[in-house]
Amino acid sequence: MKNPYEVLGVSETATDDEIKTAYRNLAKKYHPDNYTDSPLADVAEEKMKEINEAYDTICDTRKNGGAGSSYQGSYGTSSSYTHTAYPEVREYIRTGRLDDAMEVLNGVAENMRTAEWYFLMGMIFSRRGWSEQAYQYFQRAYQMDPGNAEFAAAFNHMNARRTYTTPGYDTAYGGGCSTCDLCTGLMCADCLCGCLRGGGGCC
Amino acid sequence: MFGYIRADRSQLSEREFADYKSVYCALCRQLGVEYSVFARLMLSYDCTFYALLILSLTDEPPSCYTARCRVNPLKKCSYARTSTEALSLAAALSVSSVYYKLIDNIADSGFFSRLLYRLLKPVVGRWNRRAAEKYPDIEQAVHRMSDDQRTVESDPGCSVDRAAEPTAMMLSTVCAAVERHVAIRHSNENTRRILSTFGYFLGRWIYLMDAADDYDKDQSSGGFNPFVLSHIERDAIPEAVLPPLNHALSETLLSYGLLEKGRYDSIIMNILCAACPKAQTAVLSKYQTGEEDEKSL
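Residues numbered from 1 in each chain as written. Chains lettered and ligands numbered in written order. Predicted model: local features only at pLDDT ≥ 70, side-chain atom pairs only at ≥ 80, totals over all residues. Heavy atoms only, no water.

Before going further, it helps to examine the overall build of chain A. Scanning chain A for helices and strands turns up nine helices and zero strands. Starting at the N terminus and walking to the C terminus, you meet the elements of chain A as α-α-α-α-α-α-α-α-α. Taking all 203 residues of chain A together, the buried fraction comes to 47%. Long-range contacts, defined here as pairs at least 24 residues apart, represent 59% of the contacts in chain A between residues at least 6 apart. Accessible area of chain A: about 9700 Å², with a carbon and sulfur share of 49%. (Helix = DSSP H or I, 4+ residues; strand = E, 2+ residues; numbered from the N terminus. Buried < 20%, exposed > 50% of the residue type's maximum accessible area, 1.4 Å probe, protein only. Contact = heavy atoms within 4.5 Å. Areas by Shrake-Rupley, 256 points an atom, 1.4 Å probe, with all protein chains shown as cover.)

We now examine unusual backbone geometry. Residue and element names in this part refer to chain B. Positive phi is not limited to glycine here, since His186 has a value of about 50 degrees. Relative to the assigned elements, His186 resides in the loop between helix 6 (160-181) and helix 7 (191-213). A positive phi angle is found at His231, which is not glycine, with a value near 60 degrees. Inspection of the secondary structure assignment puts His231 in the loop between helix 9 (226-229) and helix 10 (237-257).

Our next topic: the interface of chain A and chain B. The interface is formed by 35 residues belonging to chain A together with 37 residues belonging to chain B. Of the roughly 3200 Å² buried at the junction of chain A and chain B (both faces included), carbon and sulfur atoms supply 57%. Here chain A is connected to chain B by two salt bridges. At the boundary of chain A and chain B, one finds 14 residue pairs in polar contact (both at pLDDT 80 or more). When residues of the side of chain A that touches chain B are traced back to their parent elements, those giving at least two are helix 2 (16-30), helix 3 (41-64), helix 7 (131-144) and helix 8 (149-162) of chain A. Per-class residue counts for the side of chain A that touches chain B are 13 nonpolar, 11 polar and 11 charged. (Buried area = accessible area lost by both parts, 1.4 Å probe. Salt bridge = Lys/Arg side-chain N within 4 Å of Asp/Glu carboxyl O. Polar contact = N/O pair within 3.5 Å; in protein donor to acceptor, adjacent residues only side chain to side chain. Nonpolar A, V, L, I, M, F, W, Y, C, P; charged D, E, K, R; others polar.)

Residues and elements named next belong to chain A. Of all residues in chain A, 71% have pLDDT values of 70 or greater, and the mean over the chain is 75. Looking at the elements of chain A, mean pLDDT is at its lowest for helix 9 (residues 185-195), recorded as 37, and at its highest for helix 7, recorded as 94. Confidence drops under pLDDT 50 across residues 66-80; counting only partners more than four residues distant or on other chains, this segment forms 36 contacts. (pLDDT = per-residue confidence, 0-100.)

What follows covers the confidence of the model for chain B. Residue and element names in this part refer to chain B. Here chain B shows a mean pLDDT of 90. Residues at 70 or above account for 96%. Low pLDDT (under 50) marks residues 292-297, which in the prediction has one contact with non-local residues, meaning those over four places away or in another chain. Across the assembled chains, the prediction reports ipTM 0.77 with pTM 0.84.

Our next topic: the nonpolar core. Core analysis: the biggest nonpolar cluster contains 120 residues, and A:Leu8, B:Tyr35, B:Tyr50, B:Trp205, B:Phe227 and B:Ile271 have the highest contact counts within it. Among all residues touching B:Trp205, those that are not within four sequence positions of it are B:Tyr4, B:Ile5, B:Leu245, B:Ala248, B:Leu249, B:Cys276, B:Ala279 and B:Gln280. With 30 residues, the next largest nonpolar core counts A:Ile93, A:Leu98, A:Leu105 and A:Phe155 among its residues. (Core = buried A, V, L, I, M, F, W, Y, C linked by side-chain atoms within 4.5 Å.)

With that settled, the discussion passes to helix 11 (residues 265-285) of chain B. The end-to-end C-alpha distance of helix 11 of chain B, which contains 21 residues, comes to 29 Å, matching closely the 30 Å that a straight helix rising 1.5 Å per residue would cover. Counting buried positions along helix 11 of chain B yields 18 of 21 residues, so the element is predominantly enclosed. (Expected span 1.5 Å × (residues − 1).)

Moving on to a nonpolar patch on the surface. Together, B:Val37, B:Phe38 and B:Leu41 make up a nonpolar patch on the protein surface, roughly 370 Å² of accessible area in all. Here B:Leu41 shows up in the loop between helix 1 (14-34) and helix 2 (45-57). (Patch = residues over 30% accessible without salt bridge, like charges linked within 9 Å, V, L, I, M, F, W, Y side chains within 5 Å.)

Before going further, it helps to spend a moment on the packing of aromatic side chains. Residues and elements named next belong to chain A. This structure, assessed with the given rule, holds 19 aromatic pairs over all chains. Arranged with centres 6.2 Å apart and planes meeting at 70 degrees, the rings of Trp117 and Tyr137 form a pair that is edge-to-face. Pair noted here: Trp117 is in helix 6 (residues 115-128) and Tyr137 is in helix 7, with a separation of 20 residues, a long-range link. The exposure class assigned to Trp117 is buried, which follows from its relative accessible area of 2%. Following the ring pairs from residue to residue traces out a cluster consisting of Trp117, Tyr118, Phe125, Trp130 and Tyr137. A cation over a ring is seen here: Arg162 above Tyr135, with NZ or CZ 3.8 Å from the ring centre. (Phe/Tyr/Trp six-rings, centres within 6.5 Å; stacked < 30°, edge-to-face > 60°. Lys NZ or Arg CZ within 6 Å of the ring centre and 35° of its normal.)

Quick look at the packing of helix 8 of chain A against helix 10 of chain B now. At a minimum axis separation of 7 Å, helix 8 of chain A and helix 10 of chain B run at an interaxial angle of 95 degrees. What the angle tells us is that helix 8 of chain A and helix 10 of chain B run roughly perpendicular. Contacts from A:Met158, A:Arg161 and A:Arg162 in helix 8 of chain A reach B:Leu242, B:Pro243, B:Pro244, B:Asn246, B:His247, B:Ser250, B:Glu251 and B:Leu254 in helix 10 of chain B. Partitioning the contact of helix 8 of chain A with helix 10 of chain B into residue classes produces five nonpolar, three polar and three charged. (Axes fitted to C-alpha atoms, helices over the stretch in contact; angles between N-to-C directions. Parallel < 35°, antiparallel > 145°, perpendicular 65-115°, else oblique.)

Bringing the packing of helix 2 of chain B against helix 3 (residues 86-108) of chain B into the picture now. Residues and elements named next belong to chain B. Interaxial distance between helix 2 and helix 3 falls to 9 Å at its minimum, and their mutual angle equals 155 degrees. The orientation of helix 2 with respect to helix 3, classified from their angle, is roughly antiparallel. Note that helix 2 runs across helix 3; the crossing there is right-handed. Note on element contacts: helix 3 touches helix 2 through Ala86, Leu87, Leu89, Ala90, Leu93 and Ser94, opposite Cys47, Tyr50, Ala51, Ile54 and Leu55. (Left-handed = near helix turned anticlockwise from the far one by under 90°.)

The subject of this paragraph is the pattern of salt bridges. Counting across every chain of the model gives 20 salt bridges over all chains. In this structure, B:Asp19 and B:Arg15 form a salt bridge, with 3.7 Å as the shortest nitrogen-oxygen distance. A residue pair is termed a helical-turn pair when its members lie 3 or 4 positions apart in one helix, as B:Asp19 and B:Arg15 do in helix 1 at four residues. Look at B:Asp19 and you get buried, because its relative accessible area is 17%. Via salt bridges that share partners, A:Asp37, A:Arg161 and B:Glu251 belong to a single interconnected network.

Right under this line is the structure:
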């Protein structure tokens, strides 16, 4: 396992507040919600897990003098879903088998295409990097079922990326969070609520 | 390539600018050493960025040396020094990009321009063969882009996404190839995929920028342009092009964020976060109504 201080980008003599700030910045930057429709969603998830583990290890070490990590993976992921008509398509997308996912969806008759069908088509194009087509599918899914949180999140996320203005790069040298500026403030606030350890100080 | 990927000097510190220039000059020198003194003319900011990215990914400490500039011997320049293949890879990419651009120009140009390009072809072709011997993967990636682009352009129903695919795939392959040729710091099983995705979206961004930039020229000459093909009016160009440009750039940044930070991180962030959005504004501003009226006043 990597040195947890190295993972958070802080020195071993850093104060609790410095560690907490570094953790917050990284959690904001790598939160899976930022990468939901990205081809690198799984990589970001791994990175987030590494950051959480490093933070937990440091906290435990400082509290208990080196007891094991109690990482529970408490940050929220947007990929959790309970009801789906296309479990195998979702699995194909998750594992990067985009052609297989596309084949299944293309086999669905036009009059049977639900909002989820359009959403999943959007995911396939998005993972492939074809954002213009992805946008049209996400928009259609959202229009067909505006009450679905998953479809709304995908559409809003795509909209946020398409409308982002110059990120505040000058404040983000080394360890900043400029990529986060791509996302809406709402999303950052949302992901912070989900991922930061509840309450109290770091250690 | 196209020259859109360059640093915004006004937002670089003196030290950062000196570092940027040292890589630019070192690539110029590398072209001279590996190919020919005339190959230095192929130096581009895009390939400098490629060299900068590779150098930033390695574990090597920064090192420079001073020597006289070959182009202007009265001037002394600082050159980035490296024991890796970073500069050599970027030089090969420069040569192959120019060669296949030349091939495209021969097919697309008028009689006199075509004559000139035909005269240049054997010389640049020799350099390209040398690049192909050293880095067949780089040369093949550019070759494939050139062929794919021709296929795409013959499709009358080509979408913007499809039109951008050849350039995106070329840079994706070229960036992923770095992992094979250079020892990357803290490399793991994901590094190649991250680099590949980074290259894909950067290539997509470059293509969309170039297509937007050439809209007027392609519309009057009848050349292939995905925005002309989609019947997008001139005034609607900023509205139609800005969202996919923003999206491609944000994906590029998200991918870059997953790589370990390196010694040129601040310069790379300058390019991606300050210079690229500025370049977008510069290209799209010429299509905004009002500007022409202002000029005419």
